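Listed below are the residues making up each chain.
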Amino acid sequence: MESMLYPRTSRTRRIVDMNGLWKFCFDPKSEGMNNDWKNGLDPKRTIEMPVPASFNDFFTDKESREYTGDFWYETSVFVPGEWEGKNINLRFDCATHRAIVFVNGEKVATHEGGFLPFTARINDVVNWNGYNQVVVCLNNELSHTSLPAGSTKVFSDGTKMSKPFFDFYNYAGLQRPVRLVVTPKDEIVDFAVNHSLEGANSITEYEVSTDSDKKVLVQVYDEDKNLVAEASGKKGEIKISDAHLWEVRNAYLYTFRILLMDQETLVDEYEEEIGIRTVEVKGTDILINNKPVYLKGFGKHEDSEINGRGFNLAVVKRDFELMKWIGANSFRTSHYPYAEEIMQMADREGFLVIDEIAAVGFFESLMNFMEASTGKKTEFFSRDIVQTETKANHKAALKELIARDKNHACVIAWSLMNEPETTSDSAVPYFKEIFELARELDPQKRPRTFAMVMNSTPDACKCYSFSDIISLNRYYGWYNRGGYEMKEAKELFIKEMDQWKELHLNKPFIFTEFGADTMAGVHKLPSVMWSEEYQEEYLNMQFEVFDSYDFVKGEQVWNFADFQTTEGIMRVNGNKKGIFTRNRQPKAVAYVFKKRWESLPQNYKSIS
Ligand code: GCB
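This is a predicted model, so every value here is computed, not measured. (Residues numbered from 1 in each chain as written. Predicted model: local features only at pLDDT ≥ 70, side-chain atom pairs only at ≥ 80, totals over all residues. Heavy atoms only, no water.)

A. Representation of the overall build of the chain within the structure. A count of helical and extended segments in the chain gives 9 helices and 30 strands. Rg of the C-alpha trace for the chain: 24 Å, near the compact-globule value of 25 Å for 608 residues, within the 12% margin. If one aligns the C-alpha atoms of the chain with their principal axes, the spans along those axes are about 70 × 70 × 45 Å. For the chain, the residues scored as buried account for 63% of the 608 residues in total. Contacts in the chain between residues at least 24 apart in sequence constitute 72% of all its contacts with a sequence separation of at least 6. Of the roughly 23100 Å² of accessible surface on the chain, 49% is carried by carbon and sulfur atoms. (Helix = DSSP H or I, 4+ residues; strand = E, 2+ residues; numbered from the N terminus. Rg over C-alpha atoms; globule rule 2.2 N^0.38 Å. Buried < 20%, exposed > 50% of the residue type's maximum accessible area, 1.4 Å probe, protein only. Contact = heavy atoms within 4.5 Å. Areas by Shrake-Rupley, 256 points an atom, 1.4 Å probe, with all protein chains shown as cover.)

B. Just the nonpolar core, in detail. Counting 113 residues, the largest nonpolar core has Phe 298, Met 497, Ile 579 and Phe 593 as the members making the most contacts within it. Residues Met 18, Phe 55, Ala 99 and Leu 138 belong to the second largest nonpolar core, which totals 35 residues. (Core = buried A, V, L, I, M, F, W, Y, C linked by side-chain atoms within 4.5 Å.)

C. Seen up close, the site of the ligand. Lining the immediate environment of the ligand, one finds 14 residues, of which Asp 167, His 335, Glu 419, Tyr 479 and Lys 577 sit closest. In this structure, Asp 167 approaches the ligand through a side-chain N or O atom, which is 2.5 Å from an oxygen atom. Between the ligand and Tyr 475 there is a distance of 3.3 Å, counted from an oxygen atom to a side-chain nitrogen or oxygen. Burial of the ligand by the protein amounts to 98% of the accessible area it has alone, namely 310 Å². Tallied by class, the residues present in the shell around the ligand amount to 5 nonpolar, 4 polar and 5 charged. (Near = heavy atom within 4 Å. Polar contact = N/O pair within 3.5 Å; in protein donor to acceptor, adjacent residues only side chain to side chain. Nonpolar A, V, L, I, M, F, W, Y, C, P; charged D, E, K, R; others polar.)

D. Structural context of the packing of aromatic side chains. Evaluated as defined, the whole model comprises 61 aromatic pairs. On the numbers, 6.4 Å between centres and 15° between planes, the contact of Phe 331 with Tyr 338 is stacked. Under the relative-accessibility criterion, Phe 331 is labelled buried at 0%. Both rings, one in Phe 435 and one in Phe 466, keep their centres 5.8 Å apart while their planes meet at 35°; by these two values the pair is tilted. (Phe/Tyr/Trp six-rings, centres within 6.5 Å; stacked < 30°, edge-to-face > 60°.)

E. Representation of the packing of helix 5 (residues 384-405) against helix 6 (residues 427-441) within the structure. Relative orientation of the contacting elements helix 5 and helix 6 amounts to 20°, with a least axis distance of 10 Å. When the axes of helix 5 and helix 6 are compared, the pair comes out roughly parallel. In this structure, helix 5 crosses over helix 6, and the sense of that crossing is right-handed. Contacts from Val 386, Gln 387, Thr 390, Lys 391, His 394, Lys 395, Leu 398, Lys 399 and Ile 402 of helix 5 reach helix 6 at Tyr 430, Glu 433, Ile 434, Leu 437, Ala 438 and Leu 441. (Axes fitted to C-alpha atoms, helices over the stretch in contact; angles between N-to-C directions. Parallel < 35°, antiparallel > 145°, perpendicular 65-115°, else oblique. Left-handed = near helix turned anticlockwise from the far one by under 90°.)

F. Just the pattern of salt bridges, in detail. Counting across every chain of the model gives 52 salt bridges. Note that Asp 42 is salt-bridged to Lys 44, the shortest N-O span being 3.8 Å. Relative accessible area serves as the criterion here: at 77%, Lys 44 is assigned to the exposed category. Between Arg 571 and Asp 167 there is a salt bridge whose closest N-O contact spans 3.0 Å. Here Arg 571, found in the loop between strand 30 (552-558) and helix 9 (589-599), pairs with Asp 167, found in the loop between strand 11 (160-164) and strand 12 (178-183); they are 404 residues apart in sequence, far enough to count as distant. Under the relative-accessibility criterion, Arg 571 is labelled buried at 9%. Taken together, the shared-partner salt bridges in this structure form one network comprising Arg 91, Asp 93, Arg 179, Glu 340 and Glu 341. (Salt bridge = Lys/Arg side-chain N within 4 Å of Asp/Glu carboxyl O.)

Functional significance is not addressed by these values, which are geometric in nature.
Put into structure tokens, the structure is as follows:
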């Protein structure tokens, strides 16, 4: 089994950071495979490319920025001779959207899906005590089977172009760190935890997988580094008396140290910080440690100037500071799994995360956000290929996501799709399988949800009953009856909410999207759409509606910050629904949110 453990050094583990400048070239005719590029790229064609980063926004010419097709990276890494006899693992935190990896000319891995890690074990091909050549062929084409979904247009000259069925720029490349992870031959492969509470004490069921029958020990240390509990065996229970729980915006992280022992000799060691908390949906409440919580926060993107979707720890840090400043307690990883370092920061800062997979664009239109508002219906799930290949890719990604993120305290729900088509019968069995798989894979059996597009209304949607939390993306007053028609938008919004109310679903509802495009600095009295004044009026209208339904238990505005999209008549250099600009400065409405969110109690509208 491939290990999804986050790379960490320990007494038995080593890491080599492979970030930096790699060689890079485009391969528009897909000739690299036949021309032996796996043994080294043609120096005449290569340029230098930073890793991690999206390749797109470095370029000054449009063909390169918009490039769609195969493209290659190459570097070399030194493997010291003293590591002979260990497992040498080459780990990509992601490769967008698919990759074939060669080491010293040998194929060592292939991976589909651009937002989750994969590892190649390269023991057999390593050149010990010498340099090893690493060549990767990536591809960023979109199709009905890719997550995210889209299409690829081919011009008459053979050039390709990405046509996403989603509203974010199709950034690609080695967008997250690449590392060598050196582990012992007998190693800890994975571990899972599931917590419950008994009065002031916590009980953590755990399961460790290893590839040996050596003895497993689990030790738990508190934040002062005191050993507070211990257990042995691959499976068991750890009881902590007077447990210090991980609470919303008030995190506490124990260190779980896992040891693989051969008698008294340490074979492998792995540590991770774990927050102890429970998550449950009860009636219309979302409970953390049996206490109701109202979600306040954002749909986000991994997106910034120059780096595109490339991992940028400084931007990540700024985002958390802004989320704390504004009084948020949660976010959704719209529309793909985020870098592991973001999940770790959410654990540390006590944020609640709805962890979304890249199943977006399952509504066949470049402007689905528009078309769904007009009531347009398109079938997506009736295609054979969707029921076979897309579903297989979706399931594989879900397995990887849950394997990667299952132990994070911050993850309180899985979002299994964003704005899929839900109105055709063929959607139903697809949903059933995906939702069941999530339940089966998650050791903590967290709530599952999906974000529902405008035309997934109570009368038309055939899939909402799969969700444990009903997540609505609604744009009344923007895509639907914007501007002076806002009063009508409000009536329509209330009408839909009344329909949901009449269904008595007895489940929490949250708004996973609502928002209005706003050009920072555009002021207009009276307001017009796109002005800062309109953004505020629009949002105040949303708040009035949210506040009048008891079963609404959260609001995550679209979007945290302005972000890049495909160019087009609907977007002015990107989507401008940010509460912050792309440079992470507040628009006027940020202060409205700050006031509201700082004054709403954590258990706002709770029933328990
Ligand atoms: C949506 C999508 C999101 C878009 C947003 C918008 O419904 O889920 O990806 O960016 O609308 O701004 O149109």
